[in-house]
Amino acid sequence: MTEQTVNLKPSRPWSAQVLGALLLRTTARLGLAWIAVLVLVAAFAPFLANSHPLLLVVDGETRFPAFAHLQAADYTWLAGLVLAVVAWRLRGPVFLRFAGWFAAVAVVGGLAWMTVSPPSLVIYEQYRELEAAGRVDSIVRAPIPYSAKDYLRDYGDTGIEAPLAGRDGRTHWFGTEDSGADVAARMIEATRIALGIGFIATGIALVIGTIIGGLMGYFAGVVDIIGMRLVEIFEAIPTLFLLLTFVAFFGRSIWMMMIIIGITSWSGYARYVRAEFLRLREQDFVQAAIASGLPLQSILFRHMLPNGVAPLLVAASFGVASAILAETTLSFLGLGLVDDPSWGQLLNQAVQSSTFNWWLAVFPGGAIFLTVFAYNLVGEALRDAVDPHTQRRGKRA
Amino acid sequence: MSQLLEIRDLVTELSDGEHWMRAVDGVSLDIHRGETFCLVGESGSGKSVTALSVMGLLPYARHRHPAGEVRLYDAAQAGMPLLGADDAVLSGVRGGRIGMIFQEPMTSLNPVMTIAEQLDEVLQLHRPELEAEARSERIRAVLEEVRIPDAASRMREYPHRLSGGQRQRVMMALALICAPARLIADEPTTALDVTVQAEILRLMRELQQRRGMGMLFITHDFGVVAKIADTVGVMRRGKLVECGPVAEVLRRPQHEYTQSLIAALPERLARLARGEARPQPLVEVRDLAVHFPVRRGLLRRVVDHFRAVDGVSLDVHPGEVLALVGESGCGKTTLGRALLRLIEPTAGTIALQGQDITHLSSNDMRPLRRRMQVVFQDPGSSLNPRLPIATTLIEPMRVHGIGAHDDERRARAAALLERVEMPPDSLWRYPHEFSGGQRQRLAIARALVLEPRFILCDEITSALDVSVQAGILKLLRRLVDEEGLGMLFITHNMGVVEYLSDRMAVMHAGKLVETGRTAEVLADPQHEYTRKLLAAVPRLDAMAA
């Protein structure tokens, strides 16, 4: 390499290079497209499946019941999506933008929990009764006109129904489940749990793993020995049994599940970060940073972490998939959330009654499969994209 | 007939998946019996690709030969074509009729097979008629021939038990065991120390003459060329620009590229007049020792200490370059790092401008780090690949309070880039967009940004081509002369020492064996080790007539 023959390409930061290399791969595009669909469905869930009409004109009076019944969580999801688009368009370091997005979502979420107060008594049947009474002048309904927790009590004892087998002029594309709620509506609502548990549990694990692993790798010696023992202790805890125990003692809470999955799965990330930091510590540019008298946080987070983040990203995308599976497993065992919908819980109902209800197996099972598959595809493609040794486009000559 | 291998108008193109790039562009050469043909050139000039083309070792479907031919001549077949020959033919040629030695002795041997097994594998392939007994006898003989001491017992050892020089000897044994008439050696001594290199070169010369082999020897070092070559070819950008008998080419180079390459050798660079060094030392090191504990057994008890640096005393004055010379493993890098307090010294004192810094805590050390900076060896890892150059340069200034605001710092960084002869738009680029030499310039800029008084340079030019190295050496000398910096320059290259340094210190096994003014030490070495080291250095001027 002589000095004259250098090819000066326009500068692109590493994150843009990785993203570019990632998007070159068809598998990654498919996986990301499916995840994007899930995110959109989760954010716009109340407008996709809702018993409350979007627009209702009763006795000449115009009402927007769907909007009036929006929960704080609905606002948070919508704000998260809008802010994500804003953060995407902004310039600046990826990490700062992500942190900004996270902080903004937290603020909006907090505000929403404090200010939004939808009617506490929710009567899904009222609109169908109004319609039956002929008092409705005009009505605009969501594509699936049933809420996840609308058990169709006004139709009497409905119970489990196969797809498109509904009586009384009802159309349930994916059928209904045990207590009569629309399966499609419940699945749409459940995307939030699937996405939320994946991201938050993995996020908790990443934060803990990065800090502990980083300290172990940078300081080595005694810190490393103690840290590794801690890692081994946490690796010895079986996540599922811990979850079962906590569910038995403290009841069912999605937040508790996220935290438990998070604090039992950080050890893998800690190992990755430790190994990377042990390697990076000896690199010349890190030694040069120390020799320049830079403060410790700059050495750790500006000079070492960005160079060691590649295996972490790959592990995290597989981690999201396994967190989703853990929650699904728990719900399938009947130990998930009580009233809130989840894919695992629907799957469970497929085998609970005496007959095999195929629609309760195929649709939620398919959603779980596709989601876990999508994350694995992204993880696989990410591994190729960050690895300089695999050839571009994954094609081997 | 004396001709063994003929390369005619060889063209090799390599692909990165999208574009075809011409790596070898019309090279013609002949290898004759008992003759060494040296291909010399800078990195990327296509010397290795030429060798790999001959052997058919280029990556499958990533290379093509639009023109040219390679023919092998021997008793059985005159002019057997090698380019595009199928794998069955080629695997008979590789190892059997053409031996090959690679550059990196540490990775060219399989670590999970013993030496005898690796040699035996080659024999089984090319001489299937031999009995196990005969093969084993032959392995022992060839190991003795490459002067592996105690060959019979060394046969059963794994490669990690051998030193770099011994591994390279095993590599030679591997190449020679089937008695090929042609040998291709791709920079076989580049990774070795000079004294080991001298022994290996002598051995290769001797074996070649005894067996009457034709050898294609690839190197970038004109000193090595002078020592081993009969005919030399100079390559540049895939073309053979000059070719002829070694004495002719080295003494009276015809092509201007050859002339510029030889002129860029550090020992040929014009020296500037130098002022006397000022008396007050900048850095004083007294009896510095760095010991690494050797731990054994279940309880990891410290059974012994490895004395990497063992009682070293030296001074560096402002406006002076002190060269620290020694072979790999002698502790020179450890000494440098301990001096900067990147490694904790075991004993001794380090004083910077009269202030003892040996036991300062890392917090107290931080403001002082401004005054002593470092440039490392490997251009590939000396800059943070995830940060643009601007951030790399501005951050230390911000931490040390140089410049009032970022605009001022950026202007200072741009001015500094100009000083190290880099375009100012480098500020917004990332390290991967620069070549090795440019990265080393940027690393020098990073060190200079804090206006240090003392700079440690750890083998900063050893990974670079001579012409690039010449530019960097000139830059360093100018910085020292103009700004009165003190510099400790760690190197193993005597030519660099000769050009750059005012004084030199020779290090061997953790100790300084000789210190003195460079010209005096080079002219009249006192210590036996220094004499041995200097004698081993391959020199252009020392070429036999």
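If you're wondering where the values come from, they're calculated on a predicted model, not measured in any experiment.

Caption draft 1: Representation of the overall build of chain B within the structure. When you go through chain B residue by residue, the secondary structure sums to 19 helices and 20 strands. Relative to the compact-globule value of 24 Å for 545 residues, chain B shows a C-alpha radius of gyration of 26 Å, a close match. Across its three principal directions, the C-alpha atoms of chain B cover 75 × 55 × 45 Å. Across the 545 residues of chain B, 46% fall into the buried class. Across chain B, the fraction of contacts at a sequence separation of at least 24, relative to all contacts at a separation of at least 6, is 69%.

Caption draft 2: Examining the overall build of chain A more closely. Secondary structure assignment for chain A yields 17 helices and three strands. The principal-axis extent of the C-alpha atoms belonging to chain A is close to 85 × 50 × 50 Å. Across the 397 residues that make up chain A, the buried fraction comes to 39%. In chain A, once contacts between residues fewer than 6 apart in sequence are set aside, the share between residues at least 24 apart is 71%.

Caption draft 3: Representation of the interface of chain A and chain B in the model. Contacts between the two partners involve 26 residues from chain A, matched on the other side by 42 residues from chain B. Listed by contribution, the elements that provide at least two residues to the side of chain A that touches chain B are α13 (284-291) and α14 (296-308) of chain A. For the side of chain A that touches chain B, the leading source of residues is α13 of chain A, giving six residues. Per-class residue counts for the side of chain A that touches chain B are 12 nonpolar, 10 polar and four charged.

Caption draft 4: The sheet that holds strand β3 (residues 36-41) of chain B, seen in detail. All names here are of chain B. Taken in spatial order, the six strands make up an open sheet running β6-β7-β8-β3-β9-β10, and their pairing is mixed. Of all the strands in the sheet, just β6 (98-101) and β10 (239-245) have a single pairing partner and so form its edges. Along the sheet, successive strands turn relative to each other by an average axial angle of 15°, direction set aside. Relative to strand β9 (residues 231-236), β3 runs parallel, the two being bridged by five bridges. Following the sheet pairing, F37 is matched in β9 by T231. Helix α6 (residues 164-176) contacts β6 and β7 (182-186) of the sheet and is inclined by roughly 165° relative to β6.

Caption draft 5: The arrangement of the packing of helix α13 (residues 389-399) of chain B against helix α14 (residues 406-419) of chain B in detail. Residues and elements named next belong to chain B. For the pair α13 and α14, the least separation of the axes is 10 Å and the interaxial angle reads 120°. Considering the angle they form, α13 stands oblique to α14. Our pair here, α13 against α14, has a crossing hand that is right-handed. Touching A390, L393, I394, M397 and R398 of α13 are D406, R409, R410, R412 and A413, all from α14. Each residue belonging to the contact of α13 with α14 can be placed in one class, and the counts come to five nonpolar, no polar and five charged.

Caption draft 6: Structural context of the nonpolar core. With 232 residues, the main nonpolar core has M187 of chain A together with A173, I177, V225 and F489 of chain B as its most contacted residues. With 17 residues, the top contributor of residues to this core is helix α8 (residues 183-219) of chain A. The residues touching F489 of chain B, leaving out its near neighbours within four places in the chain, are V321, L322, A323, L324, C457, L500 and S501 of chain B.

Caption draft 7: Layout of the environment of F434 of chain B. The residue F434 of chain B is located in the loop between α14 and α15 (436-448) in this model. Separated by 355 residues in the primary sequence, F434 of chain B and G79 of chain B have C-alpha atoms spaced 44 Å apart.

Caption draft 8: A look at the environment of E528 of chain B. Following the sequence through the fold, E528 of chain B ends up in helix α19 (residues 528-536). Along the chain, E528 of chain B and E514 of chain B lie 14 residues apart, while their C-alpha atoms are 9.6 Å from each other.

Caption draft 9: The packing of α8 of chain A against helix α9 (residues 221-235) of chain A, seen in detail. Residue and element names in this part refer to chain A. At a minimum axis distance of 7 Å, the contact between α8 and α9 shows a crossing angle of 145°. For the element pair α8 and α9, the recorded crossing hand is left-handed. Contacts from I212, L215, M216 and F219 in α8 reach G221, V223, D224, G227, M228 and L230 in α9. Broken down by class, the residue content of the contact of α8 with α9 amounts to seven nonpolar, two polar and one charged.

Caption draft 10: Seen up close, the pairing of strand β12 (residues 301-316) of chain B. Residue and element names in this part refer to chain B. As paired elements, strand β11 (residues 283-296) and β12 share 12 bridges and run antiparallel to each other. Note on β12: the bridge partner recorded for E284 is D315. Taking the residues that link successive antiparallel strands as the turn, the β11-β12 hairpin has four residues, and the phi of G297 there is positive, at about 80°.

Caption draft 11: Quick look at unusual backbone geometry. All names here are of chain B. Phi is positive for R147, which is not a glycine, with a value near 60°. Checked against the element boundaries, R147 lands in the loop between α4 (132-145) and α5 (151-154). Among the residues examined, R147 registers 17 C-beta atoms within 10 Å and is labelled partly exposed. Residue R341 is not a glycine yet carries a positive backbone phi of 60°.

Caption draft 12: A look at the sheet that holds β11 of chain B. Residues and elements named next belong to chain B. Within the open sheet, the four strands sit side by side as β12-β11-β14-β15. Their pairing is antiparallel. Only two strands of the sheet have a single partner each, and these edge strands are β12 and β15 (355-356). Here strand β14 (residues 347-352) runs beside β15; their pairing, made up of two bridges, is antiparallel. Bridge pairing links A351 to D356 in β15. Along the sheet face, helix α11 (residues 332-339) touches β11, β12 and β14 and points at about 115° away from the line of β11.

Caption draft 13: Inspection of the pairing of strand β3 (residues 136-140) of chain A at higher detail. Residue and element names in this part refer to chain A. Where burial is concerned, little of β3 is hidden: zero out of the five residues are buried. Where strand β1 (residues 55-58) meets β3, four bridges bridge the pair, whose relative direction is antiparallel. Across the sheet, residue L55 finds its bridge partner in β3, namely V140.

Caption draft 14: Just the confidence of the model for chain B, in detail. The predicted model of chain B averages 86 in pLDDT, with 98% of residues at 70 or higher. Here the predicted complex carries an ipTM of 0.79, next to a pTM of 0.78.

Caption draft 15: Structural context of the confidence of the model for chain A. Residues and elements named next belong to chain A. Of the residues in chain A, 94% reach a pLDDT of 70 or more, and the chain-wide mean stands at 84. By mean pLDDT, the top-scoring element of chain A is helix α2 (residues 26-43) (93), and the lowest-scoring one is helix α1 (residues 14-23) (80). Long-range and interchain partners of residues 1-9, a stretch whose pLDDT sits below 50, account for 18 contacts in this model, where long-range means more than four residues apart.

Caption draft 16: Region of the structure containing the environment of T515 of chain B. Residue and element names in this part refer to chain B. Summarising the element assignment, T515 is placed in strand β20 (residues 511-517). For T515 and P188, which are 327 residues apart along the polypeptide, the C-alpha to C-alpha distance reads 31 Å. In this structure T515 touches L314, R503 and A505, once residues within four positions along its chain are discounted.

Caption draft 17: Seen up close, helix α7 (residues 194-211) of chain B. All names here are of chain B. With 18 residues, α7 ought to run about 26 Å at 1.5 Å a step, and its terminal C-alpha atoms sit 25 Å apart, in line with that. Residues of α7 that are buried: V194, V196, Q197, A198, I200, L201, M204 and Q208. Residues of α7 that are buried in the fold lie against β3, α6, β8 (214-219), α8 (222-228) and α19.

What counts and what doesn't
Residues numbered from 1 in each chain as written. Chains lettered and ligands numbered in written order. Predicted model: local features only at pLDDT ≥ 70, side-chain atom pairs only at ≥ 80, totals over all residues. Helix = DSSP H or I, 4+ residues; strand = E, 2+ residues; numbered from the N terminus. Rg over C-alpha atoms; globule rule 2.2 N^0.38 Å. Buried ≥ 20, exposed ≤ 12 C-beta atoms within 10 Å, placed from the backbone. Contact = placed C-beta atoms within 7 Å. Nonpolar A, V, L, I, M, F, W, Y, C, P; charged D, E, K, R; others polar. Pairing = 2+ DSSP bridges. Axes fitted to C-alpha atoms, helices over the stretch in contact; angles between N-to-C directions. Parallel < 35°, antiparallel > 145°, perpendicular 65-115°, else oblique. Left-handed = near helix turned anticlockwise from the far one by under 90°. Core = buried A, V, L, I, M, F, W, Y, C linked by C-beta atoms within 7 Å. pLDDT = per-residue confidence, 0-100. Expected span 1.5 Å × (residues − 1).

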